[in-house]
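What the coordinates show
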Amino acid sequence: MGEDTDATPTLNHRGFLPDHNYVTEADIISTVEFNHTGELLATGDKGGRVVIFQREPEGKTEPFSQGEYNVYSTFQSHEPEFDYLKSLEIEEKINKIRWLPQQNAAQFLLSTNDKTIKLWKVSERDKRPEGYNLKDEEGRIKDISTVTSLQVPVLMPMDLMVEVSPRRVFANAHTYHVNSISVNSDFETYMSADDLRINLWHLDITDRSFNIVDIKPTNMEDLTEVITAAEFHPHHCNLFVYSSSKGTLRLCDMREAALCDKHSKLFEEPEDPSARSFFSEIISSVSDVKFSHSGRYLLTRDYLTAKVWDLNMESKPLETYQVHDYLRSKLCSLYENDCIFDKFECAWNGSDSVIMTGAYNNFFRMFDRNTKRDVTLEASRESSKPRAVLKPRRVCAAGGKRRKDDISVDSLDFTKKILHTAWHPTENIIAIAATNNLYIFQDKLNSELH
Amino acid sequence: MKAAAAEGGGPCRADGDDSLYPIAVLIDELRNEDVQPPLESLATVEETVVRDKAVESLRKISQEHSPVDLEVHFEPLVKRLASGDWFTSRTSACGLFSVCYPRVSSTVKAEIRQHFRTLCSDDTPMVRRAAASKLGEFAKVLELDYIKSDIISLFTALASDEQDSVRLLAVEACVSIATLLPQEDLETLVMPTLRQAAEDKSWRVRYMVADKFSELQKAVGPEITKNDLVPAFQNLLKDCEAEVRAAAANKVKEFCENLPEDNREQIIMTHILPCVKELVSDTNQHVKSALASVIMGLSTILGKDNTIEHLLPLFLAQLKDECPEVRLNIISNLDCVNEVIGIRQLSQSLLPAIVELAEDAKWRVRLAIIEYMPLLAGQLGVEFFDEKLNTLCMAWLIDHVYAIREAATCNLMKLVEKFGAEWAQNTIVPKVLGMANDPNYLHRMTTLFCINALSEACGQDITTKQMLPVVLKMSNDQVANVRFNVAKSLQKIGPVLDSNALQAEVKPVLEKLATDTDMDVKYFAQEAISATRAVFALHAAAPSPPVLDANFEKQMEQQAVCFH
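Residues numbered from 1 in each chain as written. Chains lettered and ligands numbered in written order. Predicted model: local features only at pLDDT ≥ 70, side-chain atom pairs only at ≥ 80, totals over all residues. Heavy atoms only, no water.

The name given to chain B in an unreviewed UniProt entry is Protein phosphatase 2, regulatory subunit A, beta b, with Scophthalmus maximus as the source organism. On record in UniProt, under Sequence similarities (unreviewed entry), the comment for chain B is "Belongs to the phosphatase 2A regulatory subunit A family." (UniProt positions renumbered as here; feature names shortened; annotations may be inferred.)

For chain A, the name recorded in an unreviewed UniProt entry is Serine/threonine-protein phosphatase 2A 55 kDa regulatory subunit B, with Scophthalmus maximus as its organism. Recorded in UniProt under Subunit (unreviewed entry), the annotation for chain A is "PP2A consists of a common heterodimeric core enzyme, composed of a 36 kDa catalytic subunit (subunit C) and a 65 kDa constant regulatory subunit (PR65 or subunit A), that associates with a variety of regulatory subunits." In UniProt, chain A has this text filed under Sequence similarities (unreviewed entry): "Belongs to the phosphatase 2A regulatory subunit B family."

Shown next, in the form of structure tokens:
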């Protein structure tokens, strides 16, 4: 699986100076998301911009341009704002992007920063009306005296132009920072979750939303856990799950009550008393939760592991995968440089047989649930030339046997973290965000999912 | 064609589809079958308002077609939309079936029925929702046999859809379908689905049932109501979700009213009243509030004895509820009870409740009770009012919140309209005029605003003899705000005064104010002078007593805005 992966990195669509390791803060990618067919890939960055890539259709003359992703559109989604009442800056960083299922020729996506969610329409224009009576070709008003006859404007073909326009702005509904958005399978509503509350919106209605979960305690001093991620079930319109900083998952049924403060199922792994440490609670915080495509399983990521849960079993996860257990002895220094609070995302492949998540040093890991094999790969310029095959990497724990090309734990670069990853919905194509670079890898030999 | 009206019509601007909305309206005026193609593409855009308007226009056009043209031009369009790739076109198609069905041939009718069937089981929830919402309308134009053979199976399928949003739309369709079928078929064809909906796992579906309960009751008829709907209603009143209970509580009066007369009282006493009693102490305030807005209506249905024995304790309990909205809702519906048992029974508890609301810490609660005051005064009668409520009304005039003072002034005006000028002269006017000496300038201004509001209702006599002197005296007030409001008042009450008063007393004062040191006082004095000049002119022209033309008075009133 991993050994045959072909690398086709997309380079340098952002200001990256090759000589220096200088990265503009605004260019750091903060979210990556494929649309439902995988034809489009959207990325959001800290500067509030969204860049959409489109896959070239297969069957073009050059064999190597098959299925490459090229920039389709770039737009500024959010601007920095200032909350006057609280004297706080509202960052323009895009926290999440979610695509809507396609309803007509145009594409729609939701993008959110800390406070405001926006619905964007992405459409193509390939025709332009020409032959106006009152305006000339450049748009200047004609001198009426020169107009001697009337003509009917006609639509003429033009170069393809991609237009992006904001269709809805859903604002003023969140006191805390929005961390997740998720579209319901009814294609009519979506939810937005912040640290303490989850709101349900209708896509057509911007002045009102319903609060469906509220875990704010009456006395803020009693606050012990926050919501870290939330997602709707892919098929059942009434089910959604949210994860907490205490490592629990709650499945809620919107049919039972208008306010879903009481969960229907609580997924929690009992703590192993022998492994208890000062950092146990921090590293148990779930940073991402994803339903499998089948809707049967949940994938969660906490600091050191990725876990697969069966919806029918609340007592413990079905499978636990160690992402970078060699960090367990380094938790103290990771706490000091704040890396212990990094929020890694996770992803399923289209057939739910492989899961993927990021790590440090620009490494990312994939685990095959059936064969139980796993691989560590690196997303960096040095290690991936275009169309070269990626070489698996290995991290040797401190004091372990060191092979050639291994990296020791102490030489890991903790500033190079892969937090955001996405997997094409049907094919073996993955998108990896490494700080301000986006890498797209394809498995050419094994395009069919197994 | 009103080309100029196409405000969003510039196709050069990439303004988004909102600019298409006026065009859809425009095309509606043309009514030409050549207009169908643009409407067809407008019916596929993602913006719901545009699609809806395009569908509306197409529906209108279909009425203009002859049956032949319907088959040749219109039905193919509907077919194309119904088989479109994008779900937006398929949702629009759902709205067009019912308008073309009645007048086409039977082969085409079969095609249309087939299309509708396909859309009811479409992959996307949006299309199924559109189909479900048009199910009732489509059923109305179908022949009875087809309703039984086609519509019922579609209805049951949609009512068991996995998407909540589809199932709840089927509830609405249930009402239309039940009205179309003969009674004997309802039990087998409709009731199983309705029972299922009333016990649906999703509270939103149960909420819809509660919301449509009166319509359902009418549609299924008295027998089924007695056997099925009464227990269903009981369950909804006891539902675990507060939203459902509130929706059901809202329907209590209507449901009871529409029960068949022969056993109405028995059903209510045995089945409904116990649930209602529970709701009075519900944990959720919205439920209690919804109940409070309708519970009084039960007294007319149950009659005097039952009301005194069973309902009165409930009214009193709600009158003491901790939630102000509940108390307000009771108070606003007293007229029903008045008819049946007379207000005196309640007045003992009523008064403390009113006083508490009138002094509530939240000004919006105080505002609400003021707004009910004229109604209450009318129901309770002038003696009760004078005895107990007069002081309240006066106290509101000096409330800290301006909105309350303003509402209180308006309230006085309505009371004077109800009770008459003589009552005003004896009870209100002295107190209002007394405020003119208050050390607080805001209270002195309130006097002026009251005079503005009351002058007309009180009449020329009272205005000239009692109010005018007070107003004129205040022209020497220390505070400029008071002085310029004097000018405004004089302008406002001018039309009510006689020309002698205007000439001898008002004019000099206004002229003095026009030379005031304060800019605003000068301005408003000038305004008043020009306005009264017009009144003078009219007086001069008509030697008969100065009864002004009603329109002119209205104009004067509009010019003189009493509240600054």
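There is more to say after this.
For chain A, the count of helices and strands is two helices and 33 strands. Here chain A has a C-alpha radius of gyration of 24 Å; the compact-globule value for 450 residues is 22 Å, and the two agree. Referenced to the eigenvectors of the C-alpha coordinate spread, the extents of chain A come out at roughly 90 × 55 × 45 Å. With 450 residues in all, chain A has 54% of them scored as buried. Once local pairs closer than 6 in sequence are excluded, the contacts in chain A between residues at least 24 apart make up 53%. Just so you have it, chain A exposes about 21400 Å², and 52% of that area is on carbon and sulfur atoms. (Helix = DSSP H or I, 4+ residues; strand = E, 2+ residues; numbered from the N terminus. Rg over C-alpha atoms; globule rule 2.2 N^0.38 Å. Buried < 20%, exposed > 50% of the residue type's maximum accessible area, 1.4 Å probe, protein only. Contact = heavy atoms within 4.5 Å. Areas by Shrake-Rupley, 256 points an atom, 1.4 Å probe, with all protein chains shown as cover.)

All names here are of chain A. Of all five residues making up strand E13 (residues 189-193), five are buried, and the element is well covered by its neighbours. Where burial is concerned, the two faces of E13 agree: the one with Thr189, Met191 and Ala193 and the one with Tyr190 and Ser192 are both buried. Between strand E12 (residues 180-183) and the antiparallel strand that follows it, E13, lie five residues; phenylalanine 187 among them carries a positive phi value of about 60 degrees. In this sheet, strand E14 (residues 197-202) lies alongside E13 in antiparallel orientation, the contact comprising five bridges. Paired with serine 192 across the two strands is asparagine 199, which belongs to E14. Between E13 and the antiparallel strand that follows it, E14, lie three residues. (Pairing = 2+ DSSP bridges.)

Quick look at helix H5 (residues 87-94) of chain B now. All names here are of chain B. Most of H5 sits out of view: eight of its eight residues are buried. Looking only at H5, the buried set comprises Phe87, Thr88, Ser89, Arg90, Thr91, Ser92, Ala93 and Cys94. Buried residues along H5 sit against helix H3 (48-64), helix H4 (67-82), helix H6 (97-100), helix H7 (106-120) and helix H8 (125-141).

What follows concerns the UniProt feature "domain: Phosphatase 2A Regulatory Subunit A helical" (unreviewed entry) in chain B. Using the residue numbers shown here, the UniProt feature "domain: Phosphatase 2A Regulatory Subunit A helical" (unreviewed entry) corresponds to residues 106-216 of chain B. Helix makes up 84% of residues 106-216 of chain B and strand 0%, whereas the separation of the span's terminal C-alpha atoms amounts to 32 Å.

The subject of this paragraph is the packing of aromatic side chains. In the structure shown here, the tally under the stated rule is 32 aromatic pairs over all chains. Seen in terms of ring centroids, phenylalanine 279 of chain A and tyrosine 335 of chain A are 5.5 Å apart; in terms of plane orientation they differ by 55 degrees. Their pairing is tilted. With phenylalanine 279 of chain A in the loop between strand E19 (265-267) and helix H1 (280-284) and tyrosine 335 of chain A in helix H2 (residues 331-336), this residue pair connects regions lying 56 residues apart in the sequence. Taking the relative accessible area as the measure of exposure, phenylalanine 279 of chain A reaches 12% and is therefore buried. Owing to a relative accessible area of 33%, tyrosine 335 of chain A belongs among the partly exposed residues under this scheme. Connected via pairs of aromatic rings, a cluster forms that spans Phe278, Phe279, Tyr335 and Phe341 of chain A. Taking the ring centre of tyrosine 146 of chain B as reference, the NZ or CZ of arginine 113 of chain B above it sits at 3.5 Å. (Phe/Tyr/Trp six-rings, centres within 6.5 Å; stacked < 30°, edge-to-face > 60°. Lys NZ or Arg CZ within 6 Å of the ring centre and 35° of its normal.)

Right, let's talk about the interface of chain A and chain B for a bit. Contacts between the two partners involve 25 residues from chain A, matched on the other side by 29 residues from chain B. Of all residues in chain A, the largest losses of buried area upon contact with chain B belong to Gln103, Arg167 and Arg255 of chain A, amounting jointly to 28% of the total for that side. Viewed at the interface, chain B and chain A are joined by five salt bridges. Across the pair glutamate 188 of chain A and arginine 129 of chain B runs a salt bridge whose closest N-O atoms are separated by 3.1 Å. Where chain A packs against chain B, one counts 16 residue pairs in polar contact (both at pLDDT 80 or more). Taken together, the elements giving at least two residues each to the side of chain A that touches chain B come down to strand E10 (117-130) and strand E11 (154-170) of chain A. The class makeup of the residues in the side of chain A that touches chain B is nine nonpolar, six polar and ten charged. (Buried area = accessible area lost by both parts, 1.4 Å probe. Salt bridge = Lys/Arg side-chain N within 4 Å of Asp/Glu carboxyl O. Polar contact = N/O pair within 3.5 Å; in protein donor to acceptor, adjacent residues only side chain to side chain. Nonpolar A, V, L, I, M, F, W, Y, C, P; charged D, E, K, R; others polar.)

All right, on to the confidence of the model for chain B then. With 89% of its residues at a pLDDT of at least 70, chain B reaches an overall mean of 86. Interface confidence for the predicted complex, expressed as ipTM, amounts to 0.81; the pTM equals 0.80. (pLDDT = per-residue confidence, 0-100.)

Residue and element names in this part refer to chain A. With antiparallel pairing, the four strands of this open sheet are ordered in space as E2-E3-E4-E5. Looking at the sheet topology across the chains shown, the edges are occupied by strand E2 (29-34) and strand E5 (69-76). The average undirected angle you get between the axes of adjacent strands in this sheet is 20 degrees. Alignment of strand E4 (residues 49-55) against E5, held across seven bridges, turns out to be antiparallel. Each residue of the ladder has a partner; that of phenylalanine 53, found in E5, is valine 71. (Axes fitted to C-alpha atoms, helices over the stretch in contact; angles between N-to-C directions.)

The subject of this paragraph is the pattern of salt bridges. All names here are of chain B. Under the definition given, this model contains 56 salt bridges over all chains. Measuring nitrogen to oxygen at the nearest pair gives 2.6 Å for the salt bridge that ties arginine 117 to aspartate 150. With a gap of 33 residues between them, arginine 117 in helix H7 and aspartate 150 in helix H9 (residues 144-159) connect regions that are remote in the sequence. In this structure arginine 117 comes out as partly exposed when scored by relative accessible area, which is 31%. Relative accessible area serves as the criterion here: at 13%, aspartate 150 is assigned to the buried category.

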